[in-house]
Amino acid sequence: MNKLLCAVSLLATALPVPVFCCTGVSLYTSDNNLVQARTIEWGESSLNSKLIVSPAGNIYTSIMPDSTDGLTWTAKYGFVGISVSLDNIVGEGINEKGLTAGVFYFKGYGSLAKFDKNDTSNNIVDMDFVRWMLTNFSTVDEVLAELPKIKIVPIFISPDGVPSPTGHWRVADKSGRNIVIEIVNNGEIQVFENIGVLTNSPGYEWQVTNLNNYINIQPGTIATRNFGKHVAKAFGAGTGSLGLPGDITPPSRFVRAAFYLFSTPVRQTTIDAVSDAFHILDNFDIPIGSEFAPDQQEHIPSIPSATQWTSVIDLSTLTYYYKTMYNSTVKSVNVVNALNKISKKETYLPLDNGKFNYEEVVF
């Protein structure tokens, strides 16, 4: 079994510990320029994520769950992204044409096509799907046109035939088109127009419908109200949001992200939208330990947060911003500049130095 399959098998068969939790939001400027933002959480251990700078021209082969070769393709476009677990698993990225794609955990609801070892020429595993999109296409429409021509299969299948959990995907381009792709029922592809929010399970359609339960939630403070002779007054600002769910489950994060997103003013510039995106996603930073039951405390790893990194992508300027659990200083990478500075070989760079960083203020 190769290193990639070993890593995925460990994730799939781990003890009852936290799983990937992701929260994504999409912000548009007044000129319809799009900013894509997301967090990624994993409370079991460090994901060893790295910054990927990948030029056009590289040849890729998707390795099947039985370690044989699947689809082989040559990259038309270069991209910048961030890896998860292993260098060749792309969690999120943007290519030189302004197409972005990212995977969000979808355990219990995603159901990929069944793997047939006798027919693999057009197969890719789910953890190669982001890379396949970023290296091949410049628009969402191009992705959707070619999607029926491939078969997406699990990256790992246990000896008793159980596939590893999969994800669902967010894809957008410079025109502002923004979709969610879900694969269910052993390979049925479903595509949804993204309202601007994505988390995890259950399915996207259910998550959007669930917003109907929160139509009473609104920004601001509720006016004074009389209960007979008693005058009821707000204890403080924000009483319009009473009832907003504050837990870390995917449905609650979806509702909370939607509330913050759609109460945020529309900005004129993308840099202002980038700033807003980081502030919104600060509400979804999950402290380490909060996902562990009392009898699992001994499993808490020595990392500072379950939210291991937060990224914001400006599609109009092809700029990738990110911060990490070790360093809250925002870093930026311009896709074109990065691609021009590397050789023809895919390059992996550390996101930070692996230590909690701060600067002392000296008077």
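Look up: the structure comes first, before these words.
So, a few notes on the structure that sits alongside this text. (Residues numbered from 1 in each chain as written. Predicted model: local features only at pLDDT ≥ 70, side-chain atom pairs only at ≥ 80, totals over all residues. Heavy atoms only, no water.)

Overview of the environment of Ala277
Here comes step 1: By the element assignment, Ala277 lies in helix 6 (residues 270–282).
Here comes step 2: In this structure, the C-alpha to C-alpha distance between Ala277 and Phe192, residues 85 residues apart in sequence, is 22 Å.
Here comes step 3: Ala277 has contacts with Leu27, Val35, Ala37 and Val312, leaving out every residue within four places of it along the chain. (Helix = DSSP H or I, 4+ residues; strand = E, 2+ residues; numbered from the N terminus. Contact = heavy atoms within 4.5 Å.)

What about the pairing of strand 19 (residues 331–334)?
Here comes step 1: Examined bridge by bridge, strand 18 (residues 319–324) and strand 19 share 4 bridges and lie antiparallel to one another. Residue Tyr320 lies in a different strand from strand 19, and its bridge partner there is Val333. (Pairing = 2+ DSSP bridges.)

Things to note about the sheet that holds strand 17 (residues 307–314)
Here comes step 1: One open sheet holds the 6 strands; their spatial order is 14-1-2-17-18-19, and the pairing between them is antiparallel. Because the sheet does not close on itself, it has two edges, and the strands there are strand 14 (197–198) and strand 19.
Here comes step 2: Pairing of strand 1 (residues 24–28) with strand 2 (residues 34–41) involves 5 bridges; the strand directions are antiparallel. Within strand 2, the residue paired with Leu27 across the bridge is Val35.

Brief notes about the packing of aromatic side chains
Here comes step 1: With the rule as written, the count across this model stands at 8 aromatic pairs.
Here comes step 2: With centroids separated by 5.0 Å and ring planes inclined at 85°, the aromatic side chains of Phe129 and Trp169 adopt a geometry described as edge-to-face. One end of the pair, Phe129, is in helix 2 (residues 129–136); the other, Trp169, is in strand 11 (residues 167–172), and 40 residues separate them in sequence. The exposure classification of Phe129 matches that of Trp169, with both residues buried. (Phe/Tyr/Trp six-rings, centres within 6.5 Å; stacked < 30°, edge-to-face > 60°. Buried < 20%, exposed > 50% of the residue type's maximum accessible area, 1.4 Å probe, protein only.)

A few points about the sheet that holds strand 11
In a beta sheet, neighbouring strands are held together by backbone hydrogen bonds and run either parallel or antiparallel to one another.
Here comes step 1: On the basis of which strands lie adjacent, the open sheet formed by 8 strands has the order 13-12-11-8-7-6-3-20 and antiparallel pairing. What marks the edges here is a single partner per strand, and that holds for strand 13 (188–193) and strand 20 (347–350). Ignoring strand direction, the axes of neighbouring strands in this sheet form an average angle of 30°.
Here comes step 2: Pairing of strand 11 with strand 12 (residues 178–184), which is carried by 4 bridges, proceeds in the antiparallel orientation. (Axes fitted to C-alpha atoms, helices over the stretch in contact; angles between N-to-C directions.)

Some thoughts on helix 5 (residues 250–262)
Here comes step 1: If you check helix 5, its first and last C-alpha atoms are 18 Å apart, about what 13 residues at 1.5 Å a residue would give, namely 18 Å.
Here comes step 2: Within helix 5, 10 of the 13 residues are buried, leaving the element largely enclosed by the surrounding structure.
Here comes step 3: Those residues of helix 5 not exposed but buried are Pro250, Ser252, Arg253, Phe254, Val255, Arg256, Ala257, Ala258, Phe259 and Leu261. (Expected span 1.5 Å × (residues − 1).)

As for the environment of Ile303
Here comes step 1: For Ile303, the location among the structural elements is in the loop between helix 6 and strand 17.
Here comes step 2: Along the sequence, Ile303 and Ile288 sit 15 residues apart, while their C-alpha atoms lie 7.3 Å from each other.
Here comes step 3: Setting aside residues up to four positions removed in sequence, Ile303 forms contacts with Trp42, Ser45, Ser46, Ile288, Gln308, Met325 and Tyr326.

Some remarks on unusual backbone geometry
Here comes step 1: Residue Pro202 follows Ser201 across a cis peptide bond; omega there is 0°.
Here comes step 2: Along the chain, Pro202 falls in the loop between strand 14 and helix 4 (204–210).
Here comes step 3: Phi is positive for Ser85, which is not a glycine, with a value near 70°.
Here comes step 4: Position of Ser85 relative to the elements: it lies in the loop between strand 6 (79–84) and strand 7 (86–95).
Here comes step 5: Residue Ser85 is classed as partly exposed on the basis of its relative accessible area of 22%.
Here comes step 6: Even without glycine at this site, Asn186 takes up a positive phi of about 60°.
Here comes step 7: Relative to the assigned elements, Asn186 resides in the loop between strand 12 and strand 13.
Here comes step 8: Judged by relative accessible area, which is 45%, Asn186 ranks as partly exposed.

Interpretation in functional terms is not warranted from these geometric data alone.
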